Each structure stands twice: as structure tokens, then as C-alpha cells.
Amino acid sequence: RASPAAAPPAVPARRAVLPGLHALAVNKPVVIGSSTGGTQAIEQILLSLPGDAPGIAIVQHMPEKFTAMYASRLDGICAMRIKEARDGDRLERGVVLIAPGGKHMQLRKNGGQYYAAVADGPPVNRHKPSVDVLFKSAAECAGADALAIILTGMGDDGARGMKALHDRGARTIAQNEATCVVFGMPKEAIGLGAVDEVMAINQVARSILKFDARG
């Protein structure tokens, strides 16, 4: 007797997003930067977020072409919609935009909406995409409305951008040393006085939702 076919894998539940929620999302953007060890850290955060979490823009140091595969894999297992960013993509509630390898991504604001500006350019801090490029752009267009998170990674990319965000009133978080693969990037940001709170990676998703709930 043939055994019954295995059930297909469960698809993440993507919660319906009401039009009225978009305004809250675009007014409170989340920006994340990471490098060595960051792919796993980001996955842990995104798996813990519901499908209607605030929009997130991410720079993960990764070579060209790998970011599209990474985004596609995460999209298949997370409740939020995750994609490699293209120039002009809107940052909306329930959406995660990952900077494409080999290009820089900036956050821009137009008519009350945030969107991604993706373009080529020279490496910054030896990286393309660079966390500093994203963070500094978020400081300019979002300021105190933003939440910035710097995760595990080697070097100092993102530290000065996080300081710019912090100086404009943004909420800033760094991953703690105990849960980092490499504590370089968070340590540099902490050393600049750019970080409001240091926490374990398993606390980050909860902090994103608390930030969003403040209204």
C-alpha cells in the first residue's frame, strides 16, 4: 500500500495590510547594517517579525548576485515580503528591501513616502553596498523617525552613519558582543557614542515592534 504523499511545506502567513497602516510604516523606517555573521543574524530577526511589521531597509555586505538569492530564500521562510531592492522601490509596511551586492542603497523621502535609491558608485569603507551610505541617508531624510540597528561584522562600516542618526534623534541599537560572530562594527559604533542600547540578537525583533508601537 502506497504511503500518503507528504504535505507541502507551510507557506509563511502574510497578514493583510490595510491602506491606513502604510502611513505609520513610512513614518517609522527601520535600517539595519551587518557584515560577517550577518546573514544568520538578519534571518533570526526577520523570522521573529509578523507580516505587517514596519518596513526595513538592509545593507548586508555580500557580493553581487548573491543578494538576490539571499532575499529570495528569506522571502520563502519569513512572514514579511523580502526582495533585493531596485531603484525606486517603496519602503512599506510588511516589506524588507535588501541592498543589491555591487551597488549602494540610500533611503529617500518624497511626498511622505520613503523609497530606495539604488545606484553604482565607488566603495565606501571598502564596501559596496556600504552601511554608512544607507545610514547617513536615513539620518538626512528620516532623522528621529528612524530606528537603526548595527549587527555583527568586521571593520567600522556603519559606525559614522549611526552617529549621524543618533545625533538627529533616531533610536539606535547595537548587537552585543556575546551574540556577534565579529564584534567589530557594533564596537566601533558604541565607541563613537552612537548607540542607545546594546542587546542580544534574540531581543532585536521585540525592540523593533516596541519602537513601532510607540506611534
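Scroll up to find the structure this text is about.
Quick question: what am I supposed to make of the nonpolar core here?
As a rule of thumb, nonpolar side chains are buried together in soluble globular proteins. Formed by 31 residues in total, the largest nonpolar core has its most connected members in Val31, Met105, Leu134, Phe135, Met162 and Leu165. Aside from chain neighbours lying at most four places away, what touches leucine 134 is Val31, Ile32, Ala57, Ile58, Val59, Met105, Gln106 and Leu107. In terms of nonpolar packing, the next biggest core, distinct from the first, is built from 29 residues, Ile32, Leu151, Met199 and Ile201 among them.

I tried to follow helix α7 (residues 204-213) on my own but got confused; where do I start?
Along an α-helix, residues three or four apart share an orientation, since each turn contains 3.6 residues. The set of residues buried in α7 consists of Val204, Ala205, Ser207, Ile208, Phe211 and Asp212. Buried positions in α7, seen along its axis, are confined to an arc of 160 degrees and lie on one side of it. Set apart from the buried face of α7 by more than 90 degrees, the exposed residues are Arg206, Lys210 and Ala213.

Quick question: what am I supposed to make of the pairing of strand β8 (residues 171-175) here?
In the case of a regular strand, side chains alternate between the two sheet surfaces. The buried fraction of β8 amounts to 4 of the 5 residues, a majority that puts the element mostly inside the structure. One ladder, built from 4 bridges, connects strand β7 (residues 147-150) with β8; its direction is parallel. Opposite isoleucine 150, over in β8, you have alanine 174 as the bridge partner. Assessed by its sense of winding, the connection that carries the chain from β7 through helix α5 (residues 159-167) to β8 is right-handed. Considered for its hand, the β-α-β crossover made up of β8, helix α6 (residues 184-191) and strand β9 (residues 197-199) is right-handed.

Mind showing me how you'd approach the side chain of aspartate 89 here?
You can see aspartate 89 is positioned in the loop between β3 (81-84) and β4 (95-98). Assessed through its relative accessible area of 14%, aspartate 89 is described here as buried. A distance of 3.0 Å separates the side chain of aspartate 89 from the side chain of lysine 83, its partner in a polar contact. At 2.8 Å, the side chain of aspartate 89 forms a polar contact with the backbone nitrogen of arginine 86. If we ignore the near neighbours within four places in the chain, the residues touching aspartate 89 are Lys83, Glu84, Leu97, Tyr115 and Ala116.

Which parts of the structure should I look at to understand the packing of aromatic side chains?
Ring pairs (aromatic) are described by centroid distance and by the angle formed between their planes. On inspection of all chains with the given rule, the structure shows 0 aromatic pairs. It is lysine 28 that lies over the ring of phenylalanine 211; its NZ or CZ is 4.0 Å from the centre.

Teacher, can you tell me more about the packing of helix α2 (residues 38-47) against helix α3 (residues 66-77) here?
Two numbers describe a pair of packed helices, the interaxial angle and the distance between the axes. Packing of α2 against α3 leaves a shortest axis separation of 10 Å and a crossing angle of 30 degrees. Taken together, α2 and α3 sit at an angle that is classed as roughly parallel. Pair α2 / α3 crosses with right-handed handedness. Every residue of α3 that contacts α2 at Gly38, Thr39, Ile42, Glu43, Leu46 and Leu47 is listed here: Tyr70, Arg73, Leu74 and Ile77. Taken together, the residues of the contact of α2 with α3 sort by class into 6 nonpolar, 2 polar and 2 charged.

Reading the values: the criteria
- Residues numbered from 1 in each chain as written.
- Predicted model: local features only at pLDDT ≥ 70, side-chain atom pairs only at ≥ 80, totals over all residues.
- Heavy atoms only, no water.
- Core = buried A, V, L, I, M, F, W, Y, C linked by side-chain atoms within 4.5 Å.
- Buried < 20%, exposed > 50% of the residue type's maximum accessible area, 1.4 Å probe, protein only.
- Contact = heavy atoms within 4.5 Å.
- Helix = DSSP H or I, 4+ residues; strand = E, 2+ residues; numbered from the N terminus.
- Arc of directions from axis to C-beta.
- Pairing = 2+ DSSP bridges.
- Right-handed = clockwise from strand over helix to strand, strands pointing away.
- Polar contact = N/O pair within 3.5 Å; in protein donor to acceptor, adjacent residues only side chain to side chain.
- Phe/Tyr/Trp six-rings, centres within 6.5 Å; stacked < 30°, edge-to-face > 60°.
- Lys NZ or Arg CZ within 6 Å of the ring centre and 35° of its normal.
- Axes fitted to C-alpha atoms, helices over the stretch in contact; angles between N-to-C directions.
- Parallel < 35°, antiparallel > 145°, perpendicular 65-115°, else oblique.
- Left-handed = near helix turned anticlockwise from the far one by under 90°.
- Nonpolar A, V, L, I, M, F, W, Y, C, P; charged D, E, K, R; others polar.

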